[in-house]
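Residue strings, one per chain:
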Amino acid sequence: MFHLATHAFFKCLLFLSAGAIIHEMAHLKEANHLDIDPQDINNMGGLRKWMPKTFMLMSIASLALAGFPLTSGFLSKDAILISTFEWALHHGQGFVIIPIVLTIVSILTAFYIGRLIFKVFFWRI
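So, how was this worked out
Residues numbered from 1 in each chain as written. Predicted model: local features only at pLDDT ≥ 70, side-chain atom pairs only at ≥ 80, totals over all residues. Heavy atoms only, no water. 1 Å grid on protein atoms, 1.4 Å probe; cavity = no way out; pocket = protein on both sides within 12 Å on 5 of 7 lines; lining within 4 Å. Points joined across faces, edges and corners; volume = space filled by probe spheres on them. Helix = DSSP H or I, 4+ residues; strand = E, 2+ residues; numbered from the N terminus. Nonpolar A, V, L, I, M, F, W, Y, C, P; charged D, E, K, R; others polar. Phe/Tyr/Trp six-rings, centres within 6.5 Å; stacked < 30°, edge-to-face > 60°. Buried < 20%, exposed > 50% of the residue type's maximum accessible area, 1.4 Å probe, protein only.

1. Notes on the layout of surface pockets
Moving on, step 1. Here the largest pocket defines a volume of roughly 300 Å³.
Moving on, step 2. For the lining of the largest pocket, the secondary-structure elements that each account for two or more residues are helix 1 (2-31), helix 2 (52-66) and helix 4 (97-122).
Moving on, step 3. Tallied by class, the residues present in the lining of the largest pocket amount to 13 nonpolar, one polar and three charged.
Moving on, step 4. There is about 180 Å³ of room inside the second largest pocket.
Moving on, step 5. Forming the boundary of the second largest pocket are 13 residues, of which H3, K77, L102, V105 and S106 lie nearest the centre.
Moving on, step 6. Mapped by element, the contributors of at least two residues to the lining of the second largest pocket are helix 1, helix 3 (72-91) and helix 4.
Moving on, step 7. Here the lining of the second largest pocket takes five residues from helix 4, the largest share from any one element.
Moving on, step 8. Partitioned by chemical class, the residues of the lining of the second largest pocket number seven nonpolar, four polar and two charged.

Now the structure itself:
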C-alpha cells in the first residue's frame, strides 16, 4: 500500500508537469505560427530555462520514480525488491527470476525517465 500511495503522488506530479509542458508548447506553436505537434518530445528541448519551476518539480518526481535514495520511491521500491528476493530464496532457485526481472525493470524505469528529463529540459534542437 505504501508503494501504491507514493507511486500515485509522484506519477500525478509527472502528469501535471507533462500537461504544463504541452500547454506551453501549444502556446509557443500558436504564437510563432509553427507547424509542430506540441506533444512530440522531439520538438522540445532546452525548456529548463523557460520553465524552471516545472523543471524542478518534474525532476523531484523523476528521482522518486527512478528510486533515488532518500525519496519515497526508493523506500517503497527497495522494500518490494528485498521482500521479493527473500520470497524467491525461500521458494527455490527457479523463483529467483522474478526479483531479477523486477530489478531490470527498475533500471529501465530510471533510464527512460532520465532520457525524458534530458530531452525535454536540456537537449537543444
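2. Description of the packing of aromatic side chains
Moving on, step 1. Applying the stated rule across the entire model yields four aromatic pairs.
Moving on, step 2. A centroid spacing of 5.5 Å and a plane angle of 85° characterise the contact between F55 and F122, whose relative ring orientation is edge-to-face. Here F55, found in helix 2, pairs with F122, found in helix 4; they are 67 residues apart in sequence, far enough to count as distant.
Moving on, step 3. Judged by its relative accessible area of 17%, F55 is buried.
Moving on, step 4. Consider the rings of W87 and F95, whose centres lie 5.2 Å apart with planes at 80°: the pair is edge-to-face.
Moving on, step 5. Judged by its relative accessible area of 35%, F95 is partly exposed.
Moving on, step 6. Members of the aromatic cluster, joined through ring pairs, are F55, F121 and F122.

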